[in-house]
Amino acid sequence: MLELALKGSKKFYGWLIALLVMAGIGFAFYVWQFNFGLGITGMSRDVSWGFYIAQFTFLVGVAAGGVMVVLPYYLHNYKAFGKITILGEFLAVASLTMCMLFIIVDLGQPVRILNVWLHPTPHSVLFWDTLVLNGYLLLNIVVGWKVLEAERNGVHYKSWLKPLIYISIPFAVSIHTVTAFLYCGLPGRGFWMTAILAPRFLASAFAAGPSLLILLCLFVRKATNFDPGREQIQSLAKIVAYAICLNLFFFLCEVFVALYSGIPEHIDHIKYLFYGLHGHGLLVPWMWTSMGLMVVGIILLVNPGTRRNEGVLAAACVAVFTGTWIDKGLGMISGGFIPSPLHHVTEYAPTFPEIMVTLGVYAIGAIVLTILFKIAISVKEEING
Amino acid sequence: MKRNRREFLKLAGITAASASVIGVTSGLTIAEASGSGAAKPDTTILAKNKKALTAKRWGMVIDTRKLQTASDIEPLIAACHKIHNVPEMTNKNHEIKWVWEEEFKHVFAEQEHELVNERLRHLPFLVLCNHCKNPPCVKACPTQATFQTKEGIVMMDFHRCIGCRFCMAACPYGSRSFNFKDPRPFIKETNKEFPTRMKGVVEKCNFCAERLAVGKQPACVEASEGAIVFGDLDDSQSEVRKVLNDNYTIRRKPALGTGASIYYIV
Amino acid sequence: MFNKKLVIAGLIIFVGIITFPFWFNQAKVIAPPEVKLTERAKEAKECVLPDKLKMRGEHMQLLDVWRGTVVREGNRKYVGTNGKEYEMSLSNTCLDCHSNKADFCDKCHEYASVDPYCWDCHIDNPKETK
């Protein structure tokens with residue numbers, strides 16, 4: 001099937017080359033970081049995780065979001081999604097590739113990364129995170145590829161795949177749960193220390209992942225001869241609507257607990273993010289934008305009239321995706337570090353090289369996504385044509 | 001053209017690697033470069049030094065009554081940072097500190113209020129790794145690069161650290177520093193008996209494990225002229241236990257259950 | 001599917017690439033460096049492992065055991081098979097005797113094309129020769 005990725009239009013190749021150039025530029029900046037150290041980023045002694053880990057966290061969500069097409073199809077026999085499960089699975093593969101790369105670029109001594117498996121440490125959540133992320137990646141590659149192959153050959157997929165498909169569903173939940181556990185089990189970090197963090201991560205994942213999938217479906221319909229289908233897109237839209245409502249609800253639960261209890265250790269981070277603390281408020285406009293976008297998304301998605309209009313739906317999906325990205329990709333990680341446990345306020349903003357490395361990783365993810373989607377859609381076109 | 005063997009082997013490595021990328025499994029790689037297989041060294045006795053100070057659980061009491069001003073504290077910090085080759089980074093974001101001073105409102109943030117006694121409000125507090133009984137950093141570390149010794153010291157194995165900085169997020173005391181770049185150019189005077197660190201690893205106070213091993217007290221304790229008492233918290237006869245019994249002491253963030261081993265007399 | 005021309009051309013290019021280091025180097029043999037000992041090392045006659053060849057071939061494994069034992073177990077004393085006691089320290093024991101790092105360590109590492117990162121942290125004690 002791999003050969004399908006080679007036969008493309010000029011536009012397809014142009015896009016791939018542009019991505020390769022971006023990835024190359026990112027890699028050049030990474031080489032600089034590799035030689036100099038993480039000092040070229042905006043991270044500091046107080047804010048020791050930054051943009052990279054935030055992107056990782058957000059993308060774990062996008063990956064987990066793929067399960068929202070797999071689950072209804074395989075567990076509830078919702079036939080319509082059969083057409084697009086492969087897109088969800090391949091989106092997960094691309095996202096997880098980026099997750100791994102973001103972990104690697106964040107390490108101070110990346111060549112020692114295998115120490116994690118050389119000295120397995122069950123009491124470290126990060127150890128488990130590497131296991132579930134790799135497991136979910138492998139499951140999606142195997143399941144996605146084999147099911148697509150069977151579809152191409154006009155046969156039913158092999159029966160040994162069935163248990164793998166079922167396993168992949170709890171795995172999707174586990175990747176984001178374990179990722180939340182990285183943060184919420186740390187004493188002295190009041191912002192993350194909330195039992196609702198994992199559910200909230202999942203809610204925002206099931207909003208961000210499917211909303212990106214809707215946008216991709218709309219694009220695929222326009223650019224290729226394969227139509228993912230109106231019903232499919234509408235069903236996804238309903239999933240996004242529920243998930244984004246839940247995300248906001250969970251967030252408000254968190255805000256209530258922090259503000260009503262009035263415990264400074266919990267309040268201060270929220271204060272920093274939304275009002276600024278001791279005169280520092282770099283993220284304030286971003287956080288309000290994020291809230292605004294999520295609310296707009298909810299209004300447009302919950303209202304059937306606006307949801308059914310695919311143009312408006314696309315706008316709503318952009319709003320939801322951007323809103324959740326700001327929430328997790330910017331606020332969630334820095335917010336937990338500011339103020340520090342000693343109550344110092346050290347602000348954080350990514351530097352130019354840091355952004356270039358990040359864009360490089362996104363470009364690699366986009367290459368993986370483009371190739372996988374090209375294969376999947378070529379197969380679909382083959383069958384229909 | 002003169003070429004040395006290293007360049008030759010490098011070249012050979014590159015071609016061998018590119019050959020495998022092309023997809024050819026070839027037996028033609030240079031076998032010479034890879035060692036003759038791991039053989040364990042002969043059985044030998046690895047033991048402690050006879051002079052070494054030992055304890056079940058090391059701990060420390062800092063008497064803030066005897067450390068009133070910054071000039072009382074600075075020699076302690078200097079003593080530690082000098083023997084451990086702690087660099088003085090110019091960029092504050094990249095700061096590396098094993099032991100340093102903080103104000104009451106930062107050290108005991110949760111106990112700060114507007115009516116705190118004047119002396120405490122301006123008193124410089126010495127802070128360092130708390131060598132917790134239940135260290136969150138050790139729990140978080142995915143490679144056991146940071147671990148707890150049998151004597152209760154929370155140690156760093158710099159050889160193993162992958163620089164993920166999970167321990168820094170886990171530490172509720174901000175006791176850990178990361179080498180954002182090569183620290184060597186920022187070390188004024190190197191102590192040749194102690195290693196420096198390399199870029200990309202996390203470091204912190206080691207309770208002077210290397211000094212305890214040769215029968216010496218930690219450097220800050222030695223420099224404090226009696227203001228810091230160091231000893232075995234599990235030995236009821238130790239001096240540190242006597243001081244704890246005779247004075248009211250407080251610890252940082254006791255509510256977190258970390259079991260800090262640094263006590264403050266205020 | 002058989003394309004004679006392409007296969008042969010491909011083979012020639014492949015063989016060319018794989019043998020590149022040899023002909024680029026004009027098949028010259030570079031002589032291994034001679035081990036230079038300091039006066040002190042000569043006097044001592046034997047190292048922590050009495051077998052010279054073992055020392056040469058396995059010092060990395062020994063150092064790996066040493067660093068693990070010192071850092072993780074807190075044991076710092078090593079009693080060799082020869083019954084002698086040593087402090088396990090690269091900078092303070094090994095390099096104390098072999099104080100000619102540039103000649104003793106670097107030359108051979110260079111020859112074997114290995115780049116141990118020991119020296120990123122451990123200081124060449126007592127004389128820094130670079």
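Residues numbered from 1 in each chain as written. Chains lettered and ligands numbered in written order. Predicted model: local features only at pLDDT ≥ 70, side-chain atom pairs only at ≥ 80, totals over all residues. Heavy atoms only, no water.

Draft legend 1. How the structure looks around the overall build of chain B. Assigned secondary structure in chain B consists of 9 helices and 11 strands. Taking all 266 residues of chain B together, the buried fraction comes to 55%. Accessible surface, chain B: about 12,300 Å² in total, of which carbon and sulfur atoms supply 53%. (Helix = DSSP H or I, 4+ residues; strand = E, 2+ residues; numbered from the N terminus. Buried < 20%, exposed > 50% of the residue type's maximum accessible area, 1.4 Å probe, protein only. Areas by Shrake-Rupley, 256 points an atom, 1.4 Å probe, with all protein chains shown as cover.)

Draft legend 2. The overall build of chain C, seen in detail. The helix and strand inventory of chain C stands at 7 helices and 2 strands. Seen in sequence order, chain C has helices and strands lined up from the N terminus as α-α-α-α-β-β-α-α-α. Over its C-alpha atoms chain C spans a radius of gyration of 22 Å, topping by over 25% the 14 Å that the globule rule assigns to 130 residues. Principal-axis analysis of the C-alpha atoms places the extent of chain C at approximately 70 × 35 × 25 Å. Going through the 130 residues of chain C one by one, you find that 32% of them count as buried. (Rg over C-alpha atoms; globule rule 2.2 N^0.38 Å.)

Draft legend 3. Seen up close, the interface of chain A and chain B. Listed as interface residues are 38 residues of chain A and, on the opposing side, 46 residues of chain B. The contact between chain A and chain B buries some 3,600 Å² in all, and 55% of this surface belongs to carbon and sulfur atoms. Together, Arg45, Arg112 and Leu342 of chain A form the three largest contributors to the area buried by chain A at its contact with chain B, with a combined 23%. On inspection of chain A and its partner chain B, the count reaches 1 salt bridge. With a closest N to O distance of 2.6 Å, Asp106 of chain A and Arg165 of chain B form a salt bridge. Between chain A and chain B we count 28 residue pairs in polar contact (both at pLDDT 80 or more) in total. Mapped onto the side of chain A that touches chain B, the elements with two or more residues apiece are helix H1 (10-36), helix H5 (115-118) and helix H6 (125-153) of chain A. Considering each element in turn, the side of chain A that touches chain B owes the most residues, 3 residues, to H1 of chain A. Residue composition of the side of chain A that touches chain B, grouped by class: 17 nonpolar, 17 polar and 4 charged. (Contact = heavy atoms within 4.5 Å. Buried area = accessible area lost by both parts, 1.4 Å probe. Salt bridge = Lys/Arg side-chain N within 4 Å of Asp/Glu carboxyl O. Polar contact = N/O pair within 3.5 Å; in protein donor to acceptor, adjacent residues only side chain to side chain. Nonpolar A, V, L, I, M, F, W, Y, C, P; charged D, E, K, R; others polar.)

Draft legend 4. The arrangement of the layout of surface pockets in detail. Residue and element names in this part refer to chain A. Counted as a void, the second largest pocket has a volume near 990 Å³. Surrounding the second largest pocket, 31 residues form its lining, Trp15, Leu216, Phe219, Thr370 and Phe373 being those nearest its centre. It is helix H14 (residues 352-384) that provides the largest number of residues to the lining of the second largest pocket, a total of 11 residues. Across the lining of the second largest pocket, the residue classes tally to 22 nonpolar, 6 polar and 3 charged. (1 Å grid on protein atoms, 1.4 Å probe; cavity = no way out; pocket = protein on both sides within 12 Å on 5 of 7 lines; lining within 4 Å. Points joined across faces, edges and corners; volume = space filled by probe spheres on them.)

Draft legend 5. Molecular detail of the packing of aromatic side chains. All names here are of chain A. With the rule as written, the count across this model stands at 35 aromatic pairs over all chains. Here Phe51 and Trp325 contribute two aromatic rings whose centre-to-centre distance is 6.3 Å and whose plane-to-plane angle is 85°, an arrangement assigned as edge-to-face. A residue pair is termed long-range when its members are at least 10 positions apart, and Phe51 in helix H2 (residues 51-65) and Trp325 in helix H13 (residues 310-337) qualify at 274 residues. Since its relative accessible area comes to 9%, Phe51 is described here as buried. (Phe/Tyr/Trp six-rings, centres within 6.5 Å; stacked < 30°, edge-to-face > 60°.)

Draft legend 6. Focus on the pairing of strand E9 (residues 228-232) of chain B. Residues and elements named next belong to chain B. For E9, the tally of buried residues reaches 5 of 5 residues, placing the bulk of the element in the interior. One ladder, built from 5 bridges, connects strand E2 (residues 58-63) with E9; its direction is antiparallel. Across the sheet, Trp58 pairs through a bridge with Asp232, a residue of E9. (Pairing = 2+ DSSP bridges.)

Draft legend 7. Representation of the pattern of salt bridges within the structure. For the structure on display, the rule yields 27 salt bridges over all chains. Of the charged contacts, one joins Arg72 of chain C and Asp157 of chain B as a salt bridge, the two residues approaching to 2.9 Å between their closest N and O atoms. Residue Arg72 of chain C is located in helix H4 (residues 52-73), and its partner Asp157 of chain B is located in the loop between strand E6 (154-156) and helix H6 (166-170); the two belong to separate chains. The class of Asp157 of chain B is buried, set by a relative accessible area of 5%. Through salt bridges with shared partners, one network takes in Arg221, Asp227, Arg230 and Glu310 of chain A.

Draft legend 8. Seen up close, the sheet that holds E2 of chain B. Residues and elements named next belong to chain B. Reading across the sheet, the 4 strands line up as E9-E2-E11-E10 and stay open at both edges, with mixed pairing between neighbours. The open sheet has two edge strands with one neighbour each: E9 and strand E10 (249-250). Across 2 bridges, the pairing between E10 and strand E11 (residues 262-265) is antiparallel. From the neighbouring strand, Thr249 faces E11, where its bridge partner is Ile265.

Draft legend 9. Structural context of the environment of Val70 of chain C. All names here are of chain C. Mapped onto the fold, Val70 is located in helix H4. In sequence terms Val70 and His98 are 28 residues apart; their C-alpha atoms lie 21 Å from each other. With residues up to four places along the chain from it excluded, the contact list for Val70 reads Asn75, Arg76 and Met88.

Draft legend 10. Inspection of the packing of H2 of chain A against helix H7 (residues 161-184) of chain A at higher detail. All names here are of chain A. Axis separation between H2 and H7 bottoms out at 8 Å; the angle between their running directions is 155°. When the axis of H2 is compared with that of H7, the two are roughly antiparallel. Note that H2 runs across H7; the crossing there is left-handed. Note on element contacts: H7 touches H2 through Ala172, Ile175, His176, Thr179, Leu182 and Tyr183, opposite Ile53, Phe56, Thr57, Val60, Gly61, Ala63 and Ala64. When grouped by side-chain class, the residues that make up the contact of H2 with H7 number 9 nonpolar, 4 polar and no charged. (Axes fitted to C-alpha atoms, helices over the stretch in contact; angles between N-to-C directions. Parallel < 35°, antiparallel > 145°, perpendicular 65-115°, else oblique. Left-handed = near helix turned anticlockwise from the far one by under 90°.)

Draft legend 11. Structural detail: the nonpolar core. Among the nonpolar cores identified, the biggest contains 149 residues, and Trp49, Ile175, Tyr183, Trp192, Ile214 and Leu301 of chain A are the most heavily contacted of them. Sorting elements by how many residues they give to this core places helix H8 (residues 197-223) of chain A first, with 14 residues. Setting aside residues up to four positions removed in sequence, Trp192 of chain A forms contacts with Trp49, Tyr183, Cys184, Leu186, Leu197, Met332, Ile333, Gly336 and Phe337 of chain A. Counting 44 residues, the second-largest nonpolar core is a separate cluster that includes Val86, Val99, Ile153 and Tyr264 of chain B. (Core = buried A, V, L, I, M, F, W, Y, C linked by side-chain atoms within 4.5 Å.)

Draft legend 12. Layout of the sheet that holds strand E1 (residues 45-47) of chain B. Pairing is antiparallel across the open sheet formed by 3 strands, whose spatial order is E1(B)-E1(C)-E2(C). The open sheet is flanked by E1 of chain B together with strand E2 (85-87) of chain C, the only strands paired with a single partner. Put simply, the sheet's adjacent strands are angled 25° from each other on average, direction ignored.

Draft legend 13. Quick peek at unusual backbone geometry. With an omega of 0°, the peptide bond between Ile338 of chain A and Pro339 of chain A qualifies as cis. Among the secondary structure elements, Pro339 of chain A is positioned in the loop between H13 and H14. Its identity as a non-glycine residue notwithstanding, His343 of chain A has a phi of 60°, on the positive side. Positioned with a positive phi, Phe207 of chain B is a non-glycine residue whose angle comes to about 55°.

Draft legend 14. Structural context of helix H10 (residues 264-274) of chain A. Within H10 of chain A, the full set of buried residues consists of Ile267, Asp268, His269, Ile270, Tyr272, Leu273 and Phe274 of chain A. Positive phi appears at Gly276 of chain A, one or two residues downstream of H10 of chain A, with a value of about 90°.

Draft legend 15. Spatial organisation of the side chain of Ser89 of chain C. All names here are of chain C. Of note, Ser89 is situated in the loop between E2 and helix H5 (90-97). A distance of 2.9 Å separates a polar atom in the side chain of Ser89 from the backbone nitrogen of Asn92. Look past the residues within four positions of Ser89 in its chain and what remains in contact with it is Trp66 and Cys94.

Draft legend 16. Quick look at the confidence of the model for chain C. The pLDDT averaged across chain C works out to 85; a share of 94% of its residues lies at or above 70. What the predictor reports for the complex is a pTM of 0.90 with an ipTM of 0.91. (pLDDT = per-residue confidence, 0-100.)

Draft legend 17. The arrangement of the environment of Ala219 of chain B in detail. Residues and elements named next belong to chain B. Residue placement: Ala219 occurs in helix H8 (residues 219-223). Separated by 115 residues in the primary sequence, Ala219 and Phe104 have C-alpha atoms spaced 24 Å apart. Ignoring any residue separated from it by four or fewer positions in sequence, one finds Ala219 in contact with Ala79, Cys80, Ile83, Cys208 and Arg211.

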